[in-house]
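# Overview (structure and organization)
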Amino acid sequence: EERWRSAMRTHAAHAAPLPPSAPSFRIASLRAGQHDFDSRALSSALGAAVSALQPSWRVDLEAPDVCVLALLVNRSLLIGALLPPFSPRKSDPLPMEPRQWLVRGERAHMRPHRAALLARLLAPADGEVLLDPTGGVD
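These lines cover the structure that appears in this document, whether it is placed above or below. (Residues numbered from 1 in each chain as written. Predicted model: local features only at pLDDT ≥ 70, side-chain atom pairs only at ≥ 80, totals over all residues. Heavy atoms only, no water.)

### Points about unusual backbone geometry
What counts, and what does not: What counts as a helix is a DSSP run of H or I of at least four residues, what counts as a strand is a run of E of at least two, and both are numbered from the N terminus. The cut-offs for exposure are 20% and 50% of the maximum accessible area for each residue type, with area from a 1.4 Å probe on protein chains only; residues under the lower value are buried, those over the upper are exposed, and the others partly exposed.
A positive phi is found at Ala22, a non-glycine position, where the angle reads about 50 degrees. Summarising the element assignment, Ala22 is placed in the loop between helix H1 (2-14) and strand S1 (24-32). With phi around 55 degrees, Asn74 is a residue other than glycine that occupies positive phi space. With respect to the helices and strands, the residue Asn74 is situated in the loop between strand S3 (66-73) and strand S4 (76-81). Look at Asn74 and you get partly exposed, because its relative accessible area is 47%.

Okay, structure coming up:
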């Protein structure tokens, strides 16, 4: 519960204020590895958890105020709230994240949230230098 409140404080610091009544949310989940459930079941369980934490919130798959991202890789689960701007897409579980420095025709780059999540998973020590051998391409 405290981690959820912390994530929402971070979201509030970087996003427009949520509507005062019934903000909306969407779950975006990706899995890699062997599991006894699929991504829809993961999204459903996380949606139930968000609904329990935020009973007044409603689900909106088209234009949510908050997009909760879940990345499950084998036995490691990372959950966060995407910072705006983002645009949900029906054809992809992950929303588009337009960034001013990514222009049309430019080489594909790793999504900013994914790069941040990977960096957190690495847990680098202070002063440690990391090399991305893929150059940010995912």
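We are not done yet, so read on.
### As for the pairing of S4
What counts here: Any two strands are treated as partners once DSSP identifies two or more bridges connecting them.
Alignment of S3 against S4, held across six bridges, turns out to be antiparallel. Bridge pairing in S4 links Val73 to Ser76. The turn joining S3 and S4, which pair antiparallel and follow one another in sequence, is formed by two residues; a positive phi near 55 degrees is taken by Asn74.

### Focus on the packing of aromatic side chains
Stated precisely, the cut-off is as follows: A pair of aromatic rings is counted whenever rings of Phe, Tyr or Trp (Trp by its six-membered ring) have centres within 6.5 Å, and the orientation is called stacked for planes under 30 degrees apart, edge-to-face for over 60 and tilted otherwise.
Scanning the entire structure with this criterion turns up two aromatic pairs. Each ring, one from Phe25 and one from Trp57, has its centre 6.3 Å from the other, and the planes form 40 degrees; the classification is tilted. Linking Phe25 in strand S1 with Trp57 in the loop between helix H2 (39-53) and strand S2 (58-59), this pair joins segments that are 32 residues apart in sequence. One exposure class covers both Phe25 and Trp57, and it is buried. Counting every residue linked through ring pairs, the aromatic cluster contains Trp4, Phe25 and Trp57.

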